[in-house]
Amino acid sequence: MKGVIFDLDGVLVSTDELHFQAWKRLADELGITTFTRADNVRQRGVSRMASLEIVLEKSNQQFSEEEKVKLADRKNGYYVDMLNDLDETALLPGATETLEMLHKEGILTAVGSASKNAPLILEKTGLLPLIDKISCGLDVTKSKPDPEVFLVAAKKLELSPEDCLVVEDAAAGVEAAKNGGMKSLGVGPHHAELGADYDSENLATVNQWREILW
Ligand code: B16
Ligand code: MG
């Protein structure tokens, strides 16, 4: 393996509570009182517009495409405001140590995230110097399980897909890795059920790096 591509939210950092708070605020403003944390779990790893659809499932109002874009922009404004206070306390266990270890071993690192806020999140949490390339929602038009975001990451690293490992916390992300011809490591609360080639509770508990990388 010559490169490792990390999903961001749920793998390196945890911003899902902030996403939840921002969507909840928008839902409240729209008079939707039944938006729950269970709905928010379904929003993980999916694009901003697909996340909005999950909120609007609970509304009996109809919105035009133009109105939907405005609603998603409004939510993003709330979310970005909250990102101002983001710092290294949002890092998930083992994130920094894993990136440092990979660099020491001469392995390239990238982020492959659906989030258009990925560069800001990496800067705020101090991870930016440890990431060689970023492929994010700003670079792609297709959402996971389409492999586009990971293929763009591999291309930016100047590596072929089969030389890259993807680390993911969502089933759609693991599927995207497979669709792109990449091996995967599943992490997070559902790590064993993601269908990944390797899995571990979090980045701090991976004990098979040798087997995975060499
Ligand atoms: P934004 P990931 C994803 O990040 C989040 O898990 C998902 O909840 C969010 O809707 C998506 O980014 C888009 O984020 O609104 O900031 O562009 O897991 O792909 O790193
Ligand atoms: Mg994720």
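Only a predicted model underlies this, so the values are computations on that prediction, with no experimental measurement involved.

The rules behind these values
- Each residue is numbered by its place in its chain's sequence as written, counting from 1.
- Here chains are named by letter from A upward and ligands by number from 1 upward, in the order in which they appear as written.
- The model is predicted, so local features are restricted to residues of pLDDT at least 70 and side-chain atom pairs to those at 80 or more, both for listing and for counting; the totals for chains, interfaces and linings are taken over all residues.
- Hydrogens are left out, water is left out, and the side-chain values use all remaining heavy atoms of the structure.
- Any carboxyl oxygen of Asp or Glu within 4 Å of a side-chain nitrogen of Lys or Arg constitutes a salt bridge here.
- Going along the chain from the N terminus, every DSSP run of H or I of four or more residues is numbered as a helix, and every run of E of two or more is numbered as a strand.
- Two strands qualify as a pair provided DSSP detects at least 2 bridges between them.
- Coordination here is defined by N, O and S atoms within 2.8 Å of the metal (3.2 Å for Na, K and Ca), and since water is not considered, a site can look incomplete.
- Here the term buried applies to any residue with accessible area under 20% of the maximum for its type, exposed to any over 50%, and partly exposed to those in between, with areas from a 1.4 Å probe on protein chains only.
- Disulfides are defined in this document as cysteine sulfur pairs within 2.5 Å.
- Fitted lines through C-alpha atoms give the axes, limited to the stretch in contact for helices. The angle between two N-to-C directions lies from 0 to 180 degrees.
- Roughly parallel means an angle under 35 degrees; roughly antiparallel means over 145; roughly perpendicular covers 65 to 115; every other angle is labelled oblique.
- In this scheme, a crossing is called left-handed if the near helix is turned counterclockwise away from the far one by less than a right angle; it is called right-handed if the turn is clockwise.
- Contact between two residues is taken to exist if any of their heavy atoms lie within 4.5 Å; hydrogens are not considered.
- Side-chain classes are defined by residue name, with Ala, Val, Leu, Ile, Met, Phe, Trp, Tyr, Cys and Pro counting as nonpolar, Asp, Glu, Lys and Arg as charged, and the others, Gly among them, as polar.
- We call a residue near a molecule or strand whenever a single non-hydrogen atom of that residue lies within 4 Å of it.
- In these tables, accessible area is a Shrake-Rupley quantity obtained with a 1.4 Å probe, and a residue counts as shielded only by the protein chains included in the view.
- Identification of polar contacts relies on pairs of N or O atoms within 3.5 Å, with a donor-acceptor requirement for protein atoms, meaning one able to donate a hydrogen and the other able to accept it, and with residues adjacent in sequence counted only if both atoms are side-chain atoms.

## Some words on the pattern of salt bridges
Line of reasoning, step 1. Within the structure shown, the criterion is met by 15 salt bridges.
Line of reasoning, step 2. The partner of Glu57 in a salt bridge is Arg42, with the nearest N and O atoms 2.9 Å apart. With Glu57 in the loop between α3 (48-56) and α4 (65-83) and Arg42 in helix α2 (residues 37-43), the pair connects residues that are 15 residues apart, well separated along the chain.
Line of reasoning, step 3. Overlapping salt bridges bring together Asp39, Arg42, Glu57 and Lys58 as one network.

## Considerations on the sheet that holds strand β2 (residues 108-112)
Line of reasoning, step 1. Here we have six strands laid out as an open sheet, ordered β3-β2-β1-β4-β5-β6, and parallel in their pairing. A strand with exactly one partner marks an edge of an open sheet, and here the two such strands are β3 (133-135) and β6 (198-199).
Line of reasoning, step 2. In this structure, strand β1 (residues 3-6) lies alongside β2, joined through four bridges in parallel fashion. Of the residues in β2, the one forming a bridge with Gly3 is Leu108.

## Re the coordination of the magnesium ion (ligand 2)
Between any two of four tetrahedral donors, the ideal angle at the metal is 109.5 degrees; between two of six octahedral donors, it is 90 or 180 degrees.
Line of reasoning, step 1. Within the protein, the atoms that donate to the magnesium ion (ligand 2) are Asp7 (OD), Asp9 (O) and Asp169 (OD), at distances of 2.0 to 2.3 Å.
Line of reasoning, step 2. The sequence motif formed by the donor residues of the magnesium ion (ligand 2) is D-x1-D-x159-D.
Line of reasoning, step 3. Using a relative accessible area of 19% as the deciding quantity, one classes Asp9 as buried.

## Focus on the state of the cysteines
Line of reasoning, step 1. Considering all chains together, one arrives at zero disulfides under this definition.
Line of reasoning, step 2. Its sulfur unpaired, Cys164 is 17 Å from the next cysteine sulfur, which belongs to Cys136.
Line of reasoning, step 3. Of the residues examined, Cys164 reaches a relative accessible area of 0% and is grouped as buried.

## A short note on the packing of helix α1 (residues 16-29) against α4
Line of reasoning, step 1. Taken N-terminus to C-terminus, the directions of α1 and α4 make an angle of 135 degrees; their axes are 9 Å apart at the nearest point. With respect to α4, the axis of α1 lies oblique. At the point where α1 passes α4, the crossing takes the right-handed sense. Packed against α1, whose contacting residues are Leu18, His19, Gln21, Ala22, Trp23, Arg25, Leu26 and Glu29, the element α4 presents Leu71, Arg74, Lys75, Tyr78, Tyr79, Met82 and Leu83 at the interface.
Line of reasoning, step 2. Along the lines of polarity and charge, the residues of the contact of α1 with α4 split into nine nonpolar, two polar and four charged.

## Observations concerning the site of ligand 1
Line of reasoning, step 1. Of all residues adjacent to ligand 1, which total 18 residues, the nearest are Gly45, Val46, Ser115, Lys116 and Asn117.
Line of reasoning, step 2. Contact with the protein chains hides 98% of the accessible area of ligand 1, taken as 470 Å² for the molecule alone.

## Some words on the environment of Thr205
Line of reasoning, step 1. Within the fold, Thr205 resides in the loop between β6 and α9 (209-213).
Line of reasoning, step 2. In the structure, Thr205 is positioned 112 residues away from Pro93 in sequence and 8.5 Å away in space, judged by C-alpha atoms.
Line of reasoning, step 3. In this structure the side chain of Thr205 is engaged in a polar contact, spanning 2.9 Å, whose partner is the backbone oxygen of Asn202.

## Re the environment of Leu71
Line of reasoning, step 1. Following the sequence through the fold, Leu71 ends up in helix α4.
Line of reasoning, step 2. Expressed as a C-alpha distance, the spacing of Leu71 and Leu26, which sit 45 residues apart in the sequence, is 7.7 Å.
Line of reasoning, step 3. Sequence-distant contacts of Leu71, that is, excluding residues within four places in its chain, are made with Leu26, Leu30, Leu52, Leu56 and Phe63.

Geometric descriptors of this kind do not, in isolation, establish any biological role.
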